[in-house]
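# Coordinate analysis (summary)
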Amino acid sequence: MSLYNSVEQFEADVTLAHLIVHGDENATAETEGGPVDSFAKLMAELRAAVGDEFDTAAILQRLSALEAKPAPVPVQTVAASRALVLADASQYLAVDSAAAVTLTVPAQATVAWPDNVEIHIQQIGTGQVTLSAAGNVQIITEETLKTRKQGSAVTLKRLGEDAWTVIGSLEVEE
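Here is a short report on the structure shown in this document. (Residues numbered from 1 in each chain as written. Predicted model: local features only at pLDDT ≥ 70, side-chain atom pairs only at ≥ 80, totals over all residues. Heavy atoms only, no water.)

## Quick word on the nonpolar core
Formed by 23 residues in total, the largest nonpolar core has its most connected members in Leu103, Ile121, Leu156 and Trp164. When contributions to this core are tallied by element, the ones reaching two or more residues are strand S5 (92–95), strand S6 (101–105), strand S7 (118–123), strand S8 (129–133), strand S10 (153–160) and strand S11 (163–168). If we ignore the near neighbours within four places in the chain, the residues touching tryptophan 164 are Val105, Trp113, Val117, Ile119, Val137, Gln138, Ile139, Ile140, Leu156, Lys157, Arg158 and Leu159. (Core = buried A, V, L, I, M, F, W, Y, C linked by side-chain atoms within 4.5 Å. Buried < 20%, exposed > 50% of the residue type's maximum accessible area, 1.4 Å probe, protein only. Helix = DSSP H or I, 4+ residues; strand = E, 2+ residues; numbered from the N terminus. Contact = heavy atoms within 4.5 Å.)

## Focus on the pattern of salt bridges
All chains considered together, the criterion is met by four salt bridges. Two residues, aspartate 37 and lysine 41, come together in a salt bridge whose shortest N-O distance is 3.6 Å. A residue is classified by how much of its surface remains accessible, and lysine 41, at 19% relative accessible area, is buried. A salt bridge links aspartate 115 to arginine 158; its shortest N-O distance comes to 3.1 Å. In this pair, aspartate 115 sits in the loop between S6 and S7 while arginine 158 sits in strand S10, placing the two residues 43 residues apart along the sequence. Given a relative accessible area of 6%, arginine 158 falls into the buried group. (Salt bridge = Lys/Arg side-chain N within 4 Å of Asp/Glu carboxyl O.)

## Some details on the pairing of S5
For a regular strand, side-chain orientation follows a simple rule: the groups alternate between the two sheet faces. Sheet topology note: the strand S3 (residues 76–78)/S5 ladder contains three bridges and is parallel. Note on S5: the bridge partner recorded for valine 78 is valine 95. (Pairing = 2+ DSSP bridges.)

## Concerning the sheet that holds S3
If you walk across this open sheet you meet the six strands as S3-S5-S7-S10-S11-S9, and the pairing is mixed. Either end of the sheet is taken by a strand with one partner, and the two such strands are S3 and strand S9 (138–140). Here the average twist between neighbouring strands, direction ignored, is 25°. Where S9 meets S11, three bridges bridge the pair, whose relative direction is parallel. Each residue of the ladder has a partner; that of isoleucine 139, found in S11, is tryptophan 164. (Axes fitted to C-alpha atoms, helices over the stretch in contact; angles between N-to-C directions.)

## Here we look at unusual backbone geometry
A positive phi angle, close to 60°, is found at serine 90, a residue other than glycine. Its location among the elements puts serine 90 in the loop between strand S4 (82–83) and S5. Phi angles above zero are rare outside glycine, and aspartate 162 is one such case at about 60°. Mapped onto the elements of the fold, aspartate 162 is located in the loop between S10 and S11.

## Quick notes on the environment of glycine 135
By secondary structure assignment, the location of glycine 135 is in the loop between S8 and S9. Along the primary structure glycine 135 and threonine 147 are separated by 12 residues, whereas in three dimensions their C-alpha atoms are 22 Å apart.

## Considering the sheet that holds S6
Within a beta sheet, neighbouring strands are joined by backbone hydrogen bonds and run either parallel or antiparallel to one another. Read from one edge to the other, the open sheet built from three strands follows the order S4-S6-S8, with strand pairing classed as parallel. Strands at the two margins of the open sheet, each flanked by one partner only, are S4 and S8. Looking at chain direction, S6 and S8 are connected through five bridges and run parallel. By the bridge assignment, valine 105 is partnered in S8 with alanine 133.

## Quick word on the pairing of S7
In this sheet, S7 lies alongside S5 in parallel orientation, the contact comprising four bridges. Its bridge partner being in S7, alanine 94 is matched across the sheet by glutamine 122. For S7 and S10, the ladder comprises five bridges, and the chain directions are antiparallel. Across the sheet, residue glutamine 122 finds its bridge partner in S10, namely alanine 153.

In structure tokens, the structure reads:
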């Protein structure tokens with residue numbers, strides 16, 4: 001193939017690729033391998049197929065929220081009592097202290113917690129971890145708000161404004 005023919009073929013391929021990527025909901029590109037629908041056409045067909053089963057607006061909103069999350073920090077060490085902060089959202093807190101540590105869940109008015117946030121907490125040291133609710137915050141638990149023993153892990157899950165649940169290795173309610 002000559003250089004001129006190679007350039008012509010390249011230009012034709014670029015035109016097809018442009019049609020596939022930027023074509024409207026009715027566009028189909030005829031390629032050597034057969035017809036290829038544009039992305040817009042594929043998305044329209046997908047919306048039509050699942051539109052009644054899924055709330056696409058809610059899905060797009062959740063995807064946007066995922067994009068906005070900060071990059072996760074693998075382990076954040078906590079050595080003293082403190083209030084939880086927005087930076088703790090979706091994090092793993094390793095509580096490493098010989099003394100007891102209290103982690104306080106502040107009200108939504110104080111910290112703009114995102115929907116469905118989780119905070120993972122593990123008692124690494126010998127000091128027991130106690131979860132505390134500030135103000136009108138409610139933490140639902142079937143046991144106490146204290147870790148059971150060294151090595152115990154719990155997860156705080158936000159259910160709604162000022163409503164949380166905690167699951168994991170908690171000290172038994174007596």
